[in-house]
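For reference, the chains in residue letters:
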Amino acid sequence: MLVYKTVENRIRKALKHHIHERYKVDVPIVLERPPKLAMGEAASPLCFELAKQMRKPPRALAQEIANSLKPVPGVARIEVAGGGYLNFFFDRAQFFRAACEEAGHESVSPVANAPKTVVEHTSINPNKAAHIGHVRNAVLGDTFARLLRHAGRRVEVQNYIDNTGVQVADVVLGFLHLEKKSLAEVKTLAAGPKFDYLCWDLYTRVTQWLAEDKSRLELRNQTLKEIEEGHGDTAKAGEIIATAIVHCHLRTLDRLGIDFDLLSQESEILHLKFWDAAFRMLKERNAIQLATSGKNAGCWVMQLPSQRDAADDESNTAAETSEAKPEEPPEEAEAKIIVRSTGTVTYVGKDIAHHLWKFGLLDRDFHYQRFHKHPDGHEAWVTSSDRDDPGAPSFGHAHDVFNVIDSRQAYPQQVVVAGLRALGYDEEADHLKHFAYNVVALTPRCAQEMGYEIPTEDAKKQYVDVSGRKGQGVKADDLLDRLETSARAEVDSRHPESPEAERSAIGHAIAIGALRYFLLRFTRSTVIAFDFEDALSFEGETGPYVQYAVVRVNGILRKGAELDPDIGAENSKNIERLKSGALDVAPFLATPAGDDLWDIVLLAGSLDSRVEFAISAQEPAILARFAFELAQAFNVFYHKHHILSEKDAEKRAFLLLITALVREQLVTTLGIMGITAPEKM
RNA sequence: GCGCCCGUAGCUCAGCUGGAUAGAGCGUUUGGCUACGAACCAAAAGGUCGGGAGUUCGAAUCCCCCCGGGCGCACCA
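Undergrad: For the side chain of H355, give the residues involved together with the corresponding values.
TA: Here H355 is to be found in helix 15 (residues 347–358). For H355, a relative accessible area of 1% corresponds to the buried category. Polar side-chain contacts of H355 include one of 2.8 Å to the side chain of N403. For H355, the residues in contact, after removing those within four places along its chain, are V401, N403, V416 and L432.

Undergrad: Summarise the pattern of salt bridges; cite the residues concerned and give the values.
TA: Counted by the stated rule, this structure contains 45 salt bridges. Here R205 and E179 are joined by a salt bridge, their closest N and O atoms 2.3 Å apart. Residue R205 is found in helix 8 (residues 195–212), and its partner E179 is found in the loop between helix 6 (166–178) and helix 7 (183–191); the two are separated by 26 residues along the sequence. Note that E533 is salt-bridged to R445, the shortest N-O span being 3.4 Å. On the criterion of sequence distance, the pair formed by E533 in helix 21 (residues 532–535) and R445 in helix 18 (residues 444–449) is long-range, its members being 88 residues apart. A relative accessible area of 54% means that E533 is categorised as exposed.

Undergrad: Mind laying out the pairing of strand 10 (residues 367–373), listing which residues take part and the relevant values?
TA: Direction of pairing for strand 10 relative to strand 11 (residues 379–384): antiparallel, over a ladder of six bridges. Following the sheet pairing, R370 is matched in strand 11 by W381. Where strand 10 folds back onto strand 11 in an antiparallel hairpin, the turn is made up of five residues, including G377, whose phi is positive at roughly 95°.

Undergrad: Outline the domain arrangement of chain A, supporting the account with residue identities and numerical values.
TA: For chain A, the assigned domains read domain 1 (4–90) and domain 2 (543–672). Facing seven residues of domain 1, the contacting portion of domain 2 comprises nine residues. When the buried surface of domain 1 facing domain 2 is broken down by residue, Y4, K5 and L37 rank first, second and third, together holding 66% of it. Here E612 makes a salt bridge to K5, at a shortest N to O gap of 3.1 Å. Counting the contacts that link domain 1 with domain 2 gives five residue pairs in polar contact (both at pLDDT 80 or more). For the side of domain 1 that touches domain 2, the per-class residue count stands at three nonpolar, one polar and three charged.

Undergrad: Explain the protein's contact with RNA strand B to me, and be specific about the residues and the numbers.
TA: As a structural note, the neighbourhood of RNA strand B is formed by 65 residues, with Y85, R340, T523, T526 and M681 the closest of them. Among the atoms of RNA strand B lying within 4 Å of the protein, the sugar-phosphate backbone contributes 61%. One of the side-chain nitrogen or oxygen atoms of R494 is found 2.5 Å away from a base nitrogen of RNA strand B. At 3.3 Å, a backbone N or O of G555 approaches a sugar or linking oxygen of RNA strand B. Contributing elements (two or more residues each) for the surface near RNA strand B: helix 2 (46–54), strand 3 (85–90), helix 16 (410–422), helix 19 (476–494), helix 22 (543–563) and helix 27 (621–640). Taken together, the residues of the surface near RNA strand B break down into 30 nonpolar, 17 polar and 18 charged.

Undergrad: Could you give me a rundown of helix 4 (residues 92–102), with the residues and numbers involved?
TA: When we look at burial in helix 4, the residues that qualify are R92, A93, F95, F96, A99 and C100. Taken around the axis of helix 4, the buried residues stretch over an arc of 160°, which confines them to a single face. Contact partners of the buried residues in helix 4: helix 1 (4–23), strand 3, helix 23 (567–580), helix 24 (586–589), helix 25 (595–604) and helix 28 (649–672). By the N-cap criterion, in which a side-chain oxygen at the helix start approaches the backbone nitrogen of a residue two or three places on, helix 4 is capped by D91, the distance to A93 being 3.3 Å.

Calculation notes
Residues numbered from 1 in each chain as written. Chains lettered and ligands numbered in written order. Predicted model: local features only at pLDDT ≥ 70, side-chain atom pairs only at ≥ 80, totals over all residues. Heavy atoms only, no water. Helix = DSSP H or I, 4+ residues; strand = E, 2+ residues; numbered from the N terminus. Buried < 20%, exposed > 50% of the residue type's maximum accessible area, 1.4 Å probe, protein only. Polar contact = N/O pair within 3.5 Å; in protein donor to acceptor, adjacent residues only side chain to side chain. Contact = heavy atoms within 4.5 Å. Salt bridge = Lys/Arg side-chain N within 4 Å of Asp/Glu carboxyl O. Pairing = 2+ DSSP bridges. Domains from an automatic or database assignment. Buried area = accessible area lost by both parts, 1.4 Å probe. Nonpolar A, V, L, I, M, F, W, Y, C, P; charged D, E, K, R; others polar. Near = heavy atom within 4 Å. Arc of directions from axis to C-beta.

Okay, structure coming up:
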């Protein structure tokens, strides 16, 4: 779908070429949306900049350009406005025709060996139930992956499972030592319902239990070591627990329509000795050094470029080679420990190895097994240390990597990038992006509602943090249940005659629409202060508002078919008439009477540019906003124009075409956000 | 101490690489269901864009300094 963007690009090209030819200078080709429709569909203030270089008044320059610029296809006329704006007025009928022809054409699927983009998201510690913060991560990552796929990119979605970490060890400790369960009992519990909820509570108790007696930390370290080494009952318990929890998480995420291609597990990174390979590379290329003195003595450390060096990176790349390097030991403040003096590798070290694998730079690979079948039939694979299931696709070998990780982990993410760079992989370092987002907190009111004790000074704050260790937080499944219950109640009252299965499906679609939209409407850097009242809302700027617009379109078309069974055929015939020119919509779009219709047509044709913007800004909220704007425009249109009773046959045909176009764009947009639009609601 | 993020209407948030009169939703007040579904629409009220200085033809946006909040800176992950 390339409508608005197509015209915009043509204008850009024409302006660039023209100014270069005529004035022999280059100015940035800035194009923006004018504040009002009466000022056209695209505008450029570039004459202000050009005026400086040419020493001529901007308005005169604008006039010159407007008069001499060769006609741009899709642009009807150019006007000069204000102190020197160039305003471009689109050919409305042509734009509409293009939009209708393009709408609904699926985005081109990428060729098999196109550069691959890996998106890693979710990555929940497999030791307890998923909460609202995890869902924000998953929804952001899933939506971004869908955005990339929509734009024709080849995408692989990975979910990193830290199944050998402290958090898993704590729960193992809880079952085996605090609860004195046998391995068989753990196995039975893990197979039971709501195992993730059980662990949620146990984890809290273990945290408490460890705090009561510090000597128990020794037991925890022992447990962790056994899990890492992968032998014995402790390791077996860890594997059973982590795997069962991952299945719980996937079931929760399946409710939200979130799929994965690969679950990459830390246990395999350990067992297949990815780190050994990475360690060798790091040492060979002198990316890390063994500290011989100071507080880091005995550790392998990586020197990080200081903030100043990073800022001046480009200007002194030449200078640094000429400098006599005295080979002094890295300054402690800027040294990051990669290997401890005990010889064990830190988390960042493992992450560097993991990312070398992601980019296909490591001389070894995982084995792969089938793990989970998503409801849509898509199969998620898991890494394995010894056995391959047949039919595994090729994983990794990424050209670009996006890691959806909360912004508190910005520093370790930078270290990984620095590691790649230190190894000489500058290109890969440039292609590794931390897709950072802020946390989900609770409003003080919500925290109190959930029964958490909050200090009095926190009660005045906008939001309060929750602690997983204390068992605080809104569990994803609980929230989804509440949303579904609430949506179901509304559906039941509106459609008591509909069969149970249908009402249930609609309630589900609305619940997901509400939640995914709620999490997407905030920009990534915003801390979401969660409150049930806001999240459970179905009115105003919400997912159900957008879904409702689609339902209204469906209602119109359904009603239309009752009155006139041929309406569907008529619509497709009208598209043909539009293409051939037999249906002339120009009079209906003419200014000023047709401005309100043009308004919605223009917006509907802007999906392409919004998608591109959302990708380049790495900001799914841009798409959410677009969905709301288009739905809102449709509601206005709906109230102003009664479609089915329109007497003028040509205009009725036109209104129906707009309606179909808007539905197509709304359904596509919602689809990218992972939201479905039910037939009725 | 150093680094990153945030401060915009009563509340929750948009505002893209500087651009034309700072926008939405919620809440409040008022009006609209005998025309395609009112989970909607229309209208009103509501803002010294945290403060100050600077760059610019032009600043909510960029630079600097303050004030106020959040988060990082482990031989944790």
